[in-house]
Amino acid sequence: MNRRTAVIVAVIAAILLIVAAGSIRQAPWTGPAARAVAERSALSDAEKSNVEIFEKASPSVVQVVTQTAANPLSEDQESGSASGTGIVWDNDGHVVTNNHVVQNASQVAIRFASGEAVRAEIVGTAPNYDLAVLRIRNARKLPPPLALGSSADLKVGQFAYAIGNPFGLDQSMSSGIISALKRRLPTSSGREISNVIQTDTAINPGNSGGPLLDSAGRLIGVTTAILSPSGSYAGIGFAIPVDIVNRVVPELIRNGRVPTPGIGIVTANEAVATRIGAEGLIIVRTTQGSPAERAGLRGVDMSTGELGDVITAVDGKPVRRLSDLADQLEQIGVGKKVRLTVSRDGSARDVEVAVADIGRTQ
């Protein structure tokens, strides 16, 4: 290559470099182009239903925050706070929650979905049902009460929805199905709640006292407990049936307490009855001055160990454990009489006994 050709090639290369550099400056680097958003179709009917349930019910679900004062006589006890969930019950400012949410609380506050926080007072508690009623003080505007459903016609497999404040995360909704019905759930008072709803709807600490809803957005239960080795969601949650709630809450609003129907007996546990082959509820003793004592019911003879009366039926319905008797007495109500079928000395007989409010004497 002669000198002239080399100069020409060098000039052409320089021109190409200048043009390339100019192109780079004129087209700044922006990275990959943002992808276009795909247009989606309409929500499915199931999604629309879920959204509608939440938007309609969530304003009536509140957070319940409690403060427990320290015991001035104890050096070990400190004050603390806890939270749960509540349900706007009526237009008078009553809120329903669990008894264990407000137990031992010295102060109670309510926080609405809007963020407004107000003080509340405890109107009444029913430890036997793990229910409590609060009254809101000076709220600017109350959300509407939740629509009530019925728990009598629930079916295993139908959809269920829970709204609450799990772990303090407010306004959380979960869905599942009704897993079982007619469960029995022990309470802190030592009695059992009957006909409890079991659900696999996610329920965690903080959900307590919140609503369990059906697919129409109606209240069918108040969430109360979970069964979990870890203390968190494990697919088994429980709710107090709304039919019980709807019976207990008006009593709490009127009187601050719920009558405890009973006849005044102490009974042996089921294991004892099974071990000795007794079919029914063994009366260990009657309490002094009780309807059972007045009706002549007999307990175990403590000197000889001989059985007295074994209750086998209430108004013709079989009795196998104390909760069976308690269920029947609650349905009959205080102030009425009940016909007990008892086995005594190998023969059956009927005894009429009055139902009293034994809670006033405890």
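Residues numbered from 1 in each chain as written. Predicted model: local features only at pLDDT ≥ 70, side-chain atom pairs only at ≥ 80, totals over all residues. Heavy atoms only, no water.

Participant: Explain the overall build of the chain here, please?
Facilitator: Looking only at helices and strands, the chain features seven helices and 20 strands. Counting over 362 residues, the chain shows a buried share of 41%. Partitioning the intrachain contacts of the chain with sequence separation of at least 6 by distance along the chain shows that 59% fall at a separation of at least 24. Just so you have it, the chain exposes about 20,200 Å², and 52% of that area is on carbon and sulfur atoms. (Helix = DSSP H or I, 4+ residues; strand = E, 2+ residues; numbered from the N terminus. Buried < 20%, exposed > 50% of the residue type's maximum accessible area, 1.4 Å probe, protein only. Contact = heavy atoms within 4.5 Å. Areas by Shrake-Rupley, 256 points an atom, 1.4 Å probe, with all protein chains shown as cover.)

Participant: For this particular structure, what's the right way to read the side chain of E116?
Facilitator: By secondary structure assignment, the location of E116 is in the loop between β4 (107-111) and β5 (117-126). On the basis of relative accessibility, which here comes to 11%, the residue E116 falls in the buried class. Apart from residues lying up to four places away in sequence, E116 is in contact with I110, R111, N138, A139 and R140.

Participant: Where do I start with the nonpolar core in this structure?
Facilitator: As a rule of thumb, nonpolar side chains are buried together in soluble globular proteins. Of all hydrophobic cores here, the largest spans 29 residues; its most connected members are V96, Y129, L131, L213, L219, V245 and V248. Of all elements in the fold, only α2 (45-57), β5, β6 (131-136), β7 (159-164), β9 (192-199), β11 (219-226), β12 (237-241) and α4 (242-255) reach the threshold of two or more residues within this core. If one sorts the elements of this core by residue count, α4 sits on top with six residues. Those residues within four positions of L131 in sequence are excluded, and the remaining contacts are V96, T97, N98, N99, T125, A126, V222, I240, V245, V248 and L252. The next biggest cluster of nonpolar side chains, apart from the first, holds 18 residues, and it includes I265, I283, V319 and V342. (Core = buried A, V, L, I, M, F, W, Y, C linked by side-chain atoms within 4.5 Å.)

Participant: What exactly am I supposed to notice about the pairing of β6 here?
Facilitator: Looking along a regular strand, one sees side chains alternate from face to face of the sheet. With five of six residues buried, β6 lies mostly within the body of the structure. Bridge analysis of strand β3 (residues 94-97) against β6 gives four bridges, and the strand direction is antiparallel. Across the sheet, residue T97 finds its bridge partner in β6, namely A132. For β5 and β6, the ladder comprises six bridges, and the chain directions are antiparallel. When the bridges of β6 are listed, A126 appears paired with L131. The turn joining β5 and β6, which pair antiparallel and follow one another in sequence, is formed by four residues; a positive phi near 50° is taken by D130. (Pairing = 2+ DSSP bridges.)

Participant: I keep staring at the side chain of D130 and nothing clicks. Help me out?
Facilitator: Mapping D130 onto the fold places it in the loop between β5 and β6. With sequence-adjacent residues up to four places away left out, D130 is seen in contact with T97, N98, N99, H100, I193, T224 and I240.

Participant: In this structure, what is going on with the environment of Y233? I would like to understand it.
Facilitator: With respect to the helices and strands, Y233 occurs in the loop between β11 and β12. Between the C-alpha atom of Y233 and that of P205, which follows or precedes it by 28 residues, the distance is 8.5 Å. If sequence neighbours within four positions are ignored, Y233 has contacts with D200, T201, A202, I203, N204 and I226.

Participant: Even after reading the chapter, I still don't get the sheet that holds β5, so can you show me in this structure?
Facilitator: Strands pair in a sheet through their backbones, by hydrogen bonds, and they do so in one of two ways: parallel or antiparallel. Taking strand neighbours around the barrel as the criterion, the six strands line up as β1-β2-β3-β6-β5-β4 in a closed arrangement whose pairing is antiparallel. When the angles between neighbouring strand axes are averaged without regard to direction, this sheet yields 40°. Note: strand β1 (residues 61-68) against strand β2 (residues 80-88), eight bridges, orientation antiparallel. Considered in β2, the bridge of T68 is made with G80. (Axes fitted to C-alpha atoms, helices over the stretch in contact; angles between N-to-C directions.)

Participant: What am I meant to see in the sheet that holds β7 here?
Facilitator: As summarised here, the arrangement of the six strands in space is β7-β8-β9-β12-β11-β10, forming a closed barrel in which the pairing is antiparallel. Across this sheet, the average inter-strand angle for adjacent strands is 50°, counted without regard to direction. α2 contacts β7, β8 (172-186) and β10 (211-213) of the sheet and is inclined by roughly 40° relative to β7.

Participant: What is the right way to look at unusual backbone geometry in this model?
Facilitator: A negative phi holds for most residues other than glycine; trans holds for most peptide bonds. In this structure, K182 is a non-glycine residue whose phi angle is positive, near 60°. Structurally, K182 can be placed in strand β8. Of note, the phi angle at D345 is positive, near 55°, even though the residue is not glycine. Among the structural elements, D345 can be located in the loop between β18 (337-344) and β19 (347-354). On the basis of relative accessible area, D345 is assigned to the exposed category, the value being 61%.

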